[in-house]
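Overview (structure and organization)
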Amino acid sequence: MNVRTVMLFLSIIILTYYSIVVEASSPSTAGEINAFHTKILDETISLKEDTEILNLDLKLGRRDFYGKFAIYDHVIVGKNFRRLGDAYNITVATQASFDRLVDIVQLSSSWDGPMSVALFVIDIEFSAVKIFIDYLRRCNKNLRENTSFSFLYPLDYPPVIQDFNGLEDYLSDCQDHRSLWEAIRKRVFTPNYKVWRDRYKYPQNHLRNLARETSLTAYTMSLDVDIILSPSATQKLSDFIKTDEAKCDKCIFTFAAYEVERIPKNKDDLLELLSVNKAQAFHDIINKPCQEGTNYARFEKRLRDSSENSSVQISHEANFANLYEPFYLSLNSVPKYEERFVGYGYTRNSQTYELYIGGWSFQVISPVYLVHLGMIKNFQERPYWRAKQNSENSKLFKKFKKEIQAKYENEPFIPLYIIKYTLVFLAGMSSRWLWGRLAAAGAFIKLRRLANSYSFM
């Protein structure tokens, strides 16, 4: 038996395993999908809001540009959603699937204004989200009164109706939302379900756009669902956008974001955590360039010099690189997120790149800040499926950059700090002294790290 025959035999075994195990665990066949569609499209889903019944007719959802997703705006709307929008003129726009929805409680507790939440309700997770949202709204005033929920699902994996019995003890306890979430999650994410679900390309940018589109205010903040705002951020930011300093149509008001071991009580507490290595810049270990442009040292100096009651002001301008992906406050008229980027990688910084090429400036504001509970202290390799998605989006990003430059008829200028490193490198290499060569080596390392950040490199 030659090598070719052996390889052919192994390929047949692998394909057979995939068709039996993987495809059987996913409702991906046409027959099953049609059965799910038939089941769901003949029904109208009722969601309870106080004493009123809101009906969700799954036959009436609009479609995204590429015709892959069904979208339902304002499925559930809190009674204060519009009123708070008029009062503060800023909406927190966030998105989640069921496996991250548990974090929305902390986000909502840090924001007293309106929230627009886009939820990914794929397959059986529709039923899980339905139960959990009903519980959260009953137990949490901000989620009940201040929040609008919109739904999105892929047409090839439509919602599945399933009852989750035996949850009565969890549902009756408003003090422990995490235990309910974990109980539901165990029933949803079975081994067979996880086989295909983990690899499904999560449509982050579709959801980010949906959350922004269903906001009713002039300003929005597109935040991840596991982000928490600093104390009193709602009123401080609302006051800021009324100032002359904020009257800028092409300004992106950028936040400093941190990973923390515990939630700081105030800005002094955050500085204390930083001093004992219990806080660090967001993604400082796993993806430093995505936040590095914020210039955390400069922000923290400004933070030390401010009082707890200081009003929000612009601290400094960020140093842009196109891997930069800060969280920010802006007019809701900024360009949408590019929906060709699905799954992981380049979903946020593709939009940030367009902002930069389009002439927006990134202004870091202080003393407000953002935190994410939990610190990543060691770099961990991504799962294969996530690395693959990142690689695919990396190739798309190279094409996208050229499209954006053509759209705005603008080539990115070379930032001053790149010019500085280049001059240091050239001067150091021409020096006869050791210190000159060391300076050149340091500048070279900096330039290598920045090399992938610009389309002209």
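Above this note sits the structure.
Read on for a plain summary of the structure. Here the structure is a predicted model, which means the values were calculated and not measured.

Next up on the list: empty space enclosed by the protein. Going through the model one piece at a time under the given rule, you end up with two cavities of 30 Å³ or more. Considered as a void within the structure, the largest cavity measures approximately 50 Å³ in volume. The space that makes up the second largest cavity amounts to roughly 40 Å³. Along the lines of polarity and charge, the residues of the lining of the second largest cavity split into four nonpolar, three polar and one charged.

Strand order in the open sheet formed by ten strands is β3-β4-β7-β6-β5-β8-β14-β10-β15-β13, with mixed pairing between adjacent strands. Bordering the open sheet on either side are β3 (62–63) and β13 (313–317), each of which pairs with just one other strand. As paired strands, strand β6 (residues 115–120) and strand β7 (residues 147–154) are joined by six bridges and run parallel to one another. Paired with Ala-118 across the two strands is Ser-150, which belongs to β7.

Inspection of every chain in the model, using the stated rule, returns two disulfides. Residue Cys-139 pairs covalently with Cys-174 via a disulfide, S to S 2.0 Å. In this structure, the disulfide formed by Cys-139 and Cys-174 twists by about -60 degrees around the S-S bond and is classed as left-handed. Placement of the pair is Cys-139 in helix α5 (residues 125–139) and Cys-174 in the loop between α7 (168–171) and α8 (177–188), with a sequence separation of 35 residues.

Another point: the sheet that holds strand β12 (residues 279–281). With mixed pairing, the four strands of this open sheet are ordered in space as β9-β16-β11-β12. Two strands close off the open sheet at either side, each with one partner strand: β9 (227–229) and β12. Pairwise comparison of adjacent strand axes, ignoring direction, gives a mean angle of 35 degrees for this sheet. Judged from the four bridges that link them, strand β11 (residues 257–260) and strand β16 (residues 370–373) form a sheet pairing that is parallel. Note that in β16 the partner of Ala-257 across the bridge is Leu-370.

About the criteria used
- Residues numbered from 1 in each chain as written.
- Predicted model: local features only at pLDDT ≥ 70, side-chain atom pairs only at ≥ 80, totals over all residues.
- Heavy atoms only, no water.
- 1 Å grid on protein atoms, 1.4 Å probe; cavity = no way out; pocket = protein on both sides within 12 Å on 5 of 7 lines; lining within 4 Å.
- Points joined across faces, edges and corners; volume = space filled by probe spheres on them.
- Nonpolar A, V, L, I, M, F, W, Y, C, P; charged D, E, K, R; others polar.
- Pairing = 2+ DSSP bridges.
- Helix = DSSP H or I, 4+ residues; strand = E, 2+ residues; numbered from the N terminus.
- Disulfide = S-S within 2.5 Å.
- Axes fitted to C-alpha atoms, helices over the stretch in contact; angles between N-to-C directions.

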